[in-house]
Amino acid sequence: MNAIDQDHRAPVLSVRGLVKRFGSVTALEGIDLDINENEVLGIVGDNGAGKSTFLALLTGYHHPDSGEFRYRGHPVRITSPARTRRALGIEMVYQDLAMAPDLSVWENLFLGEEIKRFGILSSRRAMRARAGEVLAQMNTKIRPEWQLGQLSGGERQLVAIARGLLFDRDIILLDEPTAAISVAKADDVLNTIGDLHKRGKTVVLISHRLEDVLAVCTRIAVFVTGRVAQVLDNRDLTIADLIHAMFGGAADRQRAQWERRQQPGTR
Ligand SMILES: Nc1ncnc2c1ncn2[C@@H]1O[C@H](COP(=O)(O)OP(=O)(O)OP(=O)(O)O)[C@@H](O)[C@H]1O
Ligand SMILES: [Mg+2]
């Protein structure tokens, strides 16, 4: 468990005893985990280990069968993604990006937020200008007026992350942001995660690309069949250490199957 936090950062979000079942499948079997202020927490684990389900519970997209959440030490109920965004400052970038391909980048950035957040400023021109500022801050070439559907997967990931910056969310949750994109675009996403960290944001990153996790994360939680098997500080860790934590020394066949699934074109 992660009782010893070597950076002594306070938890911004803590979960205890989180259980989630889908019918007869138990996706999470009692998760205890702290997400600390301004860390980049990696989550790794085999397919079906419960990683996406965990983030879906943090956003309120799914609800746990049992368990507790604390936000900055106070018990909270996590009810819906919209409320989580506004009340707790949590922005989620989904594994299957939920965006409107026919709309422009800036319209996607403000989708569902226009009037409430910007009040009198909510003119199209103001929103577009603000979107341009945030994209420029991220050092991307993406223009606010481009149509979202014409962007590559990696560029869409950057747009999704830009939403977190635009609304100044404290916690950004990313589910496989680099899985389906080229190495160059993946580097853009990883650099952006580094920037978020420097700006004091808290990031949770699910990824099968263990080299990405090692490159940007400060701590790494290893999920095994719906539980947190280990939480490792990312100091001198190697890919072999992570694979060992995911599968153990003995599970050679399971591990070989997982490694084959990580080859390009097989996922
Ligand atoms: N909406 C759902 N309905 C039924 N079962 C689900 C649902 N979502 C997830 N599950 C099941 O819960 C378990 C955990 O799934 P989850 O998607 O959280 O895994 P994961 O660690 O994100 O896997 P991957 O690495 O493949 O994305 C799996 O057995 C999955 O089939
Ligand atoms: Mg998943």
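Computed from a prediction, not measured in an experiment: that's the story for all the values here.

Novice: Now, about the site of ligand 1: what can you tell me, with residues and values included?
Specialist: Taken together, F22, V25, A27, G45, N47, G48, A49, G50, K51, S52 and T53 form the complete shell of residues around ligand 1. At the level of secondary structure, the elements contributing two or more residues to the shell around ligand 1 comprise β2 (25-36) and α1 (51-59). Partitioned by chemical class, the residues of the shell around ligand 1 number 4 nonpolar, 6 polar and 1 charged.

Novice: Help me get a handle on the sheet that holds strand β8 (residues 202-206), residues and values and all.
Specialist: Sheets are built from strands that pair by backbone hydrogen bonding, the pairs being arranged parallel or antiparallel. On the basis of which strands lie adjacent, the open sheet formed by 6 strands has the order β6-β7-β8-β3-β9-β10 and mixed pairing. Taken across any chain shown, the strands that pair with only one partner, and hence form the sheet edges, are β6 (90-93) and β10 (227-233). Neighbouring strand axes in the sheet, compared pairwise and without regard to direction, differ in orientation by 15° on average. Note that strand β3 (residues 40-45) and strand β9 (residues 219-224) share 5 bridges and pair parallel. Residue pairing across strands places G42 opposite I220, the latter belonging to β9. Running at roughly 175° to β6, helix α6 (residues 153-166) makes contact with β6 and β7 (171-175) of the sheet. Sheet strands touched by helix α7 (residues 183-198): β3, β7 and β8. Its angle to β8, the strand with the most contacts, is close to 150°.

Novice: How would you sum up the confidence of the model for the protein? Please name residues and give values.
Specialist: The predicted model of the protein has a mean per-residue pLDDT of 86, with 88% of residues at 70 or higher. Across residues 1-6, confidence stays below pLDDT 50; counting only partners more than four residues off in sequence or on other chains, it has 7 contacts.

Novice: Go over the pairing of strand β1 (residues 11-22) with me, naming the residues and quoting the values.
Specialist: As judged from the 9 bridges shared by β1 and β2, these two strands associate in the antiparallel manner. By the bridge assignment, K20 is partnered in β2 with L28. The antiparallel hairpin formed by β1 and β2 contains 2 residues in its connecting segment, where G23 sits at a positive phi of about 60°.

Novice: Which residues make up the sheet that holds β2, and what values go with them?
Specialist: Pairing is antiparallel in the open sheet, where 4 strands are placed in the order β2-β1-β4-β5. Edge positions in the sheet fall to β2 and β5 (74-76), since each has one partner strand and no second. Strand-to-strand twist of the sheet, defined as the mean angle between neighbouring strand axes without regard to direction, takes the value 25°. Pairing of β1 with strand β4 (residues 66-71), which is carried by 5 bridges, proceeds in the antiparallel orientation. Residue pairing across strands places V15 opposite F69, the latter belonging to β4.

Thresholds applied
Residues numbered from 1 in each chain as written. Chains lettered and ligands numbered in written order. Predicted model: local features only at pLDDT ≥ 70, side-chain atom pairs only at ≥ 80, totals over all residues. Near = placed C-beta within 6 Å. Helix = DSSP H or I, 4+ residues; strand = E, 2+ residues; numbered from the N terminus. Nonpolar A, V, L, I, M, F, W, Y, C, P; charged D, E, K, R; others polar. Pairing = 2+ DSSP bridges. Axes fitted to C-alpha atoms, helices over the stretch in contact; angles between N-to-C directions. Contact = placed C-beta atoms within 7 Å. pLDDT = per-residue confidence, 0-100.

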